[in-house]
There are 2 protein chains.
Amino acid sequence: MMIAKTPEPPYYTVIFTSLRTTGDNGYSKMADALEKSVINQPGFLGYESARDVLGITVSYWSDEESVRNWKENILHTKARNLGREKWYSEFKVRVAKVERDYGFGTE
Amino acid sequence: MMIAKTPEPPYYTVIFTSLRTTGDNGYSKMADALEKSVINQPGFLGYESARDVLGITVSYWSDEESVRNWKENILHTKARNLGREKWYSEFKVRVAKVERDYGFGTE
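Model, not experiment: these values are computed from the prediction. (Residues numbered from 1 in each chain as written. Chains lettered and ligands numbered in written order. Predicted model: local features only at pLDDT ≥ 70, side-chain atom pairs only at ≥ 80, totals over all residues.)

Colleague: Now, about the sheet that holds strand β1 (residues 11–20) of chain B: what can you tell me, with residues and values included?
Modeller: Read across the sheet, eight strands follow the order β2(A)-β3(A)-β1(A)-β4(A)-β4(B)-β1(B)-β3(B)-β2(B) without closing on themselves; strand pairing throughout is antiparallel. Edge strands, defined here as strands with exactly one partner in the open sheet, are β2 (44–51) of chain A together with β2 (44–51) of chain B. Strand-to-strand twist across the sheet, computed as the mean angle between neighbouring axes with direction ignored, equals 25°. Here seven bridges tie strand β1 (residues 11–20) of chain A to strand β3 (residues 55–61) of chain A, and the two strands are oriented antiparallel to one another. The residue bridging A:F16 from the neighbouring strand is A:T57, located in β3(A). (Pairing = 2+ DSSP bridges. Helix = DSSP H or I, 4+ residues; strand = E, 2+ residues; numbered from the N terminus. Axes fitted to C-alpha atoms, helices over the stretch in contact; angles between N-to-C directions.)

Colleague: How would you sum up the relation of the copies chain B and chain A? Please name residues and give values.
Modeller: There are two copies of the chain, and a rotation about an axis plus a shift along that axis relates them. With an RMSD of 0.0 Å, the operation that places chain B on chain A is a rotation of 180° combined with a shift of 0.0 Å along the axis. In symmetry terms, the pair is related by a two-fold rotation axis. Mapped onto chain A, 100% of the interface residues of chain B are again interface residues, and the two copies thus contact each other with one and the same surface. (Least-squares fit on C-alpha atoms with pLDDT ≥ 70 in both. Contact = placed C-beta atoms within 7 Å.)

Colleague: So what's going on with the nonpolar core? Which residues, and what values?
Modeller: Soluble globular proteins: nonpolar side chains tend toward being buried together. If you look at the biggest cluster of nonpolar residues, it comprises 29 residues, and the most contacted ones within it are A:Y12, A:I56, A:A96, B:Y12, B:I56 and B:A96. Of all the secondary structure elements, the ones that give two or more residues to this core are β1, β3, α2 (64–72) and β4 (88–104) of chain A together with β1, β3 (55–61), α2 (64–72) and β4 (88–104) of chain B. B:Y12 has contacts with B:W61, B:D63, B:E64, B:V67, B:V95, B:K97 and B:V98, leaving out every residue within four places of it along the chain. (Core = buried A, V, L, I, M, F, W, Y, C linked by C-beta atoms within 7 Å. Buried ≥ 20, exposed ≤ 12 C-beta atoms within 10 Å, placed from the backbone.)

Colleague: Describe the pairing of β4(A), naming the residues involved and giving the relevant values.
Modeller: Sheet topology note: the β1(A)/β4(A) ladder contains ten bridges and is antiparallel. Along β4(A), the bridge assignment pairs A:R20 with A:Y88.

Colleague: Which residues make up the confidence of the model for chain A, and what values do they have?
Modeller: For chain A, per-residue confidence averages 96 on the pLDDT scale, and 99% of positions sit at 70 or higher. Across the interface, the model reports ipTM at 0.95; the global pTM reads 0.96. (pLDDT = per-residue confidence, 0-100.)

Colleague: Lay out the interface of chain B and chain A with the relevant residues and their values.
Modeller: Each partner contributes to the interface: chain B provides 35 residues, whereas chain A provides 35 residues. Looking at the side of chain B that touches chain A, the elements that each hand over two or more residues are β1, β2, β3 and β4 of chain B. The biggest single contributor to the side of chain B that touches chain A is β4(B), with 17 residues. Across the side of chain B that touches chain A, the residue classes tally to 17 nonpolar, seven polar and eleven charged. As defined by bridge partners, β4(A) adjoins β4(B) across 13 bridges and the pair is classed as antiparallel. Paired with A:A96 across the two strands is B:V98, which belongs to β4(B). (Nonpolar A, V, L, I, M, F, W, Y, C, P; charged D, E, K, R; others polar.)

Colleague: Mind laying out the packing of helix α1 (residues 27–38) of chain B against helix α3 (residues 74–87) of chain B, listing which residues take part and the relevant values?
Modeller: All names here are of chain B. At a minimum axis distance of 11 Å, the contact between α1 and α3 shows a crossing angle of 155°. Here α1 lies roughly antiparallel to α3, going by the angle between them. Two packed elements cross with a definite hand, and for α1 against α3 that hand is left-handed. Contacts between α1 and α3 involve Y27, M30, A33, L34 and S37 from the former and L75, H76, A79, L82 and W87 from the latter. Of the residues that constitute the contact of α1 with α3, the class distribution is eight nonpolar, two polar and no charged. (Parallel < 35°, antiparallel > 145°, perpendicular 65-115°, else oblique. Left-handed = near helix turned anticlockwise from the far one by under 90°.)

Colleague: Explain the pairing of β2(B) to me, and be specific about the residues and the numbers.
Modeller: All names here are of chain B. Pairing analysis gives seven bridges linking β2 to β3, with the strands arranged antiparallel. Directly across from F44, in β3, lies its bridge partner W61. Counting the residues between successive antiparallel strands, the hairpin from β2 to β3 contains three residues.

Colleague: Any details on unusual backbone geometry? Residues and values, ideally.
Modeller: For the bond running from A:P9 to A:P10, omega is 5°, close enough to zero to count as cis. Mapped onto the elements, A:P10 comes out in the segment before β1.

Colleague: I'd love a proper account of the environment of A:V93, names of residues and values included.
Modeller: Note that A:V93 resides in strand β4. Of the residues examined, A:V93 has 17 C-beta atoms within 10 Å and is grouped as partly exposed. It is 9.7 Å that separates the C-alpha atoms of A:V93 and A:T57, two residues lying 36 residues apart in sequence. Among all residues touching A:V93, those that are not within four sequence positions of it are A:V14, A:F16, B:D101 and B:Y102.

Laid out in structure tokens, this is it:
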């Protein structure tokens, strides 16, 4: 997992913060399938993910329409429903427009 | 570390993604001091953090002016400079305006 290479702003981001339930319950298999699917989505720019107590996955998108299209993706919708049923005790999704950025060592 | 309780959008977020160098080198002490300082900043709404390979810290702010004021904070500026010198091999900061959000189990 590396820092995502993103273009000059503006672009969109979806911040997904979660607390997992215990056990895998099919989560890892779905996570792999989702990753394979998302990288082929129109407008997908990259993502970053980390988990210790909390899990944080931040994905980057070229525009709002691409964010909405991914939300309506069939596999993603199935994953969201299973997430509510089995994998997460809590989650929050925040959709935001990146206005500016700067980096160190990332160029 | 819990999922941050944030108000109805719009509000601002700063996504800080990083790769650490090896060793503590005074990082933990500064992280504690920064946490004590940020919670008293005007406009600070909360933050979420996780680290495995990558570190991701997402902070939430009521408006852009609060984000800028925190960037100019003396302790924060010192931490950013030490970060470039000692603690991080790479980092990226993205400032974004949260337009919408939804949650599960967070109400």
